[in-house]
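Working through the structure, step by step
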Amino acid sequence: MQRVTVIERFSKTFRDNPSLSKLLIVFTVSGGGLVAYSEAGKLNDNSNAGELVGANNRKKKVVVLGTGWAGTSFLKNLKDPSYDVQVISPRNYFAFTPLLPSVTCGTVESRSVVEPIRNIIRKKYAEAYYWEAECIKIDPENKKVYCRSNLSINGNGKEEFAVDYDYLVIATGARVNTFNIPGVEENTFFLKEVEDAQKIRRTVIDCFEKASLPTLSDEERKRLLHFVIVGGGPTGVEFAAQLHDFVNEDIVRLYPKVKDLVKITLLEATDHILNMFDKRITAFAEEKFHRDGIDVKTGSMVVKVGEKEISTKDVKRGEITSMPYGMAVWSTGIGTRPVIMEFMKHIGQGNRRVLATDEWLRVEGQENVYALGDCATINQRKVMEDIAAIFQKADKDNSGTLTVKEFQEVLNDICERYPQAELYLKNKKMSNLVDLLKESKGNGVKESIEVDIEEFKSALSQVDTDMKNLPATAQVASQQGVYLAKCFNRMEECEKNPEGPLRFRGEGRHRFHPFRYRHLGQFAPLGGEQTAAQLPGDWVSIGHSSQWLWYSVYASKQVSWRTRALVVSDWVRRFIFGRDSSQI
């Protein structure tokens, strides 16, 4: 009895103070290894939080819409106790979406990739509350958001309520884009939420169970066991690979009579799958899928999805063909949620695809409204829009001409304020913008070079051509959440002492450094314990060692030690016992 008490006390201490733990996980096999290490932080002590805010100072109310990558990263990194944080989302958990394809086939359990949002906010210095509801309207003039509860109370329908805010953080993510193609909404499965992955998992097993019934014809069995994936991006490719492994490693033993009837087809409208990856990865993936028997049809655009047939159009020849299928998964494109579309119309952004923000993630035209993740994009300012102001700021002696020395004094501010300038120079293989000015005047010119405004415009006229929008990925959303939280943590300090670049249109400096995305690489699991990795510096790795790197990164990126332990244990279980094929 005493032993049980000791164990209970130990368990309670561990749950209440997870930052006490230090964990080192090392898996070593031939060809690769996994290392996931986390350093313990300081204990969260909320006991003095109230003392940090004066009795007469009202806490600023921060309302966060969404519990996805952007919203959760913001919440985890917000440490200033002077905020009253209210989280509103229709789902009360954070989901590690990169592992959803693994959930569809039982490689990882759905509970292993989710963390209750209340577990996250209860560890904050700042006061934080969560309400399970969906935002249905944003009123920026009155600083209110209108919400509808997901839960029916006493049979009286879903409750609606309004919430005031001082700062609004919109991180609602995006919905699946069906491109208004007939039948997609009714007949295909999406792969964006945990619930989607669970439905796919049940349906895959359903198809095999139905195909095993003795009353069916061989033609009907072939149709039921034809799995179609629409979209050759990372999610579609990984699901196809996971399904292939599931069939060949587990299903063949459980359904031996129908295993030879299984067919997997991957449809992609462009010329190649994994277009955002290096060409070497694309070629390897297509070749591997061909060897594995996965039918990759590029240049095939879906035009209609029936209950049992899917119609595609050959992009080059224009021919329309139909094929029978048992299950179709739609994994291509994202669209804007209705509440965001209404908000965009309200603030004059109705002609845009997603919310436009400045480089500080603030919604354009709105002082205290921020948007991050898939629901927004940064509307990067062009150099040529501010060229006259830049020239004037650099020309300190008002001579009408600009020397290299004068230009060098504002060079760092230009590169920080306009990241496309740095990208343009990288593509031109130049070290800095001074080289660009010298090139416009001829080689061998020293620092005595002088350019007037027209020559300055000519030298920088092509800089904006390399501007690109950030991809709608978990990596971008997570970094934006971390960045915005750091800005909120330093809000008061930076209000007094701005630390950002020069204001070329106006005096002084910007309050914060603008957001800069740092690409950390991307993975494409291809099945058979092989993964393609494209890391910074154009480093490409394909094979079993990259698979272990994938395990390592995805384990270390989990939001808690609980999910980290569950995911790793699921991987170990799958290696030993195989995937679970039961319908629960």
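Structural data are supplied above this passage.
The structure presented is a predicted model; accordingly, all values stated were derived computationally and were not measured. (Residues numbered from 1 in each chain as written. Predicted model: local features only at pLDDT ≥ 70, side-chain atom pairs only at ≥ 80, totals over all residues. Heavy atoms only, no water.)

This part is about the pairing of strand E18 (residues 320–324). The side chains of a regular strand alternate, first on one face of the sheet and then on the other. Looking at chain direction, strand E17 (residues 309–314) and E18 are connected through 5 bridges and run antiparallel. Its bridge partner lying in E18, Ser 311 is registered against Ser 322. Between E17 and E18, which follow one another and run antiparallel, lie 5 residues, and Gly 318 among them has a positive phi close to 80°. (Pairing = 2+ DSSP bridges. Helix = DSSP H or I, 4+ residues; strand = E, 2+ residues; numbered from the N terminus.)

Our focus in this paragraph is the nonpolar core. In a soluble, globular protein the nonpolar side chains are often hidden away together inside. Core analysis: the biggest nonpolar cluster contains 94 residues, and Phe 74, Phe 208, Phe 227, Leu 274, Phe 488 and Trp 571 have the highest contact counts within it. Setting aside residues up to four positions removed in sequence, Trp 571 forms contacts with Leu 99, Thr 107, Val 108, Trp 550, Tyr 551, Tyr 554 and Ala 555. Ala 394, Val 410, Tyr 424 and Val 463 belong to the second largest nonpolar core, which has 29 residues in total. (Core = buried A, V, L, I, M, F, W, Y, C linked by side-chain atoms within 4.5 Å. Buried < 20%, exposed > 50% of the residue type's maximum accessible area, 1.4 Å probe, protein only. Contact = heavy atoms within 4.5 Å.)

Attention now goes to the sheet that holds strand E9 (residues 158–164). The 7 strands lie next to each other as E9-E8-E7-E4-E3-E10-E22, forming an open sheet whose pairing is mixed. Here the strands that pair on one side only, and so sit at the sheet edges, are E9 and strand E22 (369–371). Taking each pair of neighbouring strands and ignoring which way they run, the sheet shows an average axis angle of 35°. Sheet topology note: the strand E8 (residues 144–152)/E9 ladder contains 6 bridges and is antiparallel. In the sheet register, Lys 144 faces E9, and the bridge partner there is Asp 164. Packed on one face of the sheet, helix H3 (residues 69–77) meets strand E3 (60–65), strand E4 (83–89) and strand E10 (167–170) and runs near 150° to E3. Lying on the sheet, helix H18 (residues 474–489) is in contact with E3, E4, E10 and E22; it crosses E10 at an angle near 170°. (Axes fitted to C-alpha atoms, helices over the stretch in contact; angles between N-to-C directions.)

Under the defined criterion, the tally for this structure stands at 23 aromatic pairs. Between Phe 74 and Phe 488, the ring centres sit 5.3 Å apart and the planes meet at 85°, which makes this aromatic pair edge-to-face. In this pair, Phe 74 sits in helix H3 while Phe 488 sits in helix H18, placing the two residues 414 residues apart along the sequence. For the residue pair Phe 74 and Phe 488, the accessibility class agrees, reading buried in each case. Taken together through their ring pairs, the aromatic side chains of Trp 69, Phe 94, Phe 96, Phe 523, Trp 548, Trp 550, Tyr 551, Tyr 554, Trp 571 and Phe 575 make up a single cluster. Across the ring face of Tyr 418, the terminal group of Arg 417 is positioned such that the distance to the ring centre comes to 5.5 Å. Positioned above the aromatic ring of Trp 561, the side-chain terminus of Arg 564 is 4.1 Å from the ring centre. (Phe/Tyr/Trp six-rings, centres within 6.5 Å; stacked < 30°, edge-to-face > 60°. Lys NZ or Arg CZ within 6 Å of the ring centre and 35° of its normal.)

The next point concerns the pattern of salt bridges. With the rule as written, the count across this model stands at 35 salt bridges. Arg 201 is paired through a salt bridge with Glu 109; the nearest N and O atoms lie 3.2 Å apart. With Arg 201 in helix H7 (residues 194–211) and Glu 109 in the loop between helix H4 (100–104) and strand E6 (114–116), the pair connects residues that are 92 residues apart, well separated along the chain. Arg 201 sits in the buried class, given a relative accessible area of 13%. For Glu 109, a relative accessible area of 24% translates into the label partly exposed. Linking Lys 259 and Asp 260 is a salt bridge whose minimum nitrogen-to-oxygen distance equals 3.3 Å. (Salt bridge = Lys/Arg side-chain N within 4 Å of Asp/Glu carboxyl O.)

By themselves, these figures tell us nothing about what the structure is for.
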